[in-house]
Amino acid sequence: MADEVQVFYNHLITETSLMNDSVTALMARSGTLQGDDVGIENPAHRTALRLEMRRRFTALRATVEACTSDASDIAERLRAISERYSDLDVELTGREQP
């Protein structure tokens, strides 16, 4: 039973680390979406195209921001579960996990 619990704990730590890495990568990549310039002027005087591109980039930025917020929340919850697991383990066994 103790080995099964240790395997679960190791998976929890690994997934927490991977989630934190993913949030960091998402935040770094989302930085490229922060500018107001969508990269096109008015090609052939097509204002509608430029406005549509701006609208879609704005929607993309909002989606990335929401995903980043949700991912950060999940990472924080995983961290809290991991800490609580460690606290419970110390309480039950009287020793810290390595």
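Right above here is the structure, for reference.
Conventions we followed
- Residues numbered from 1 in each chain as written.
- Predicted model: local features only at pLDDT ≥ 70, side-chain atom pairs only at ≥ 80, totals over all residues.
- Heavy atoms only, no water.
- Helix = DSSP H or I, 4+ residues; strand = E, 2+ residues; numbered from the N terminus.
- Buried < 20%, exposed > 50% of the residue type's maximum accessible area, 1.4 Å probe, protein only.
- Areas by Shrake-Rupley, 256 points an atom, 1.4 Å probe, with all protein chains shown as cover.
- Salt bridge = Lys/Arg side-chain N within 4 Å of Asp/Glu carboxyl O.

Explain the overall build of the chain to me, and be specific about the residues and the numbers.
The secondary structure content of the chain amounts to 2 helices and 0 strands. Within the chain, the fraction of its 98 residues that count as buried is 17%. Carbon and sulfur atoms make up 57% of the accessible area of the chain, which totals about 7500 Å².

Tell me about the pattern of salt bridges, residues and numbers included.
If charged atoms from side chains of opposite charge come close, those side chains can pair. If you walk through the whole model with that rule in mind, you get 5 salt bridges. Note that Glu-52 is salt-bridged to Arg-55, the shortest N-O span being 2.5 Å. Of the two residues, Glu-52 and Arg-55 both sit in helix α2 (residues 47-93), 3 residues apart, roughly one turn of that helix. A relative accessible area of 27% means that Glu-52 is categorised as partly exposed. Connected through salt bridges with shared partners, the residues Glu-52, Arg-55 and Arg-56 form a single ionic network.

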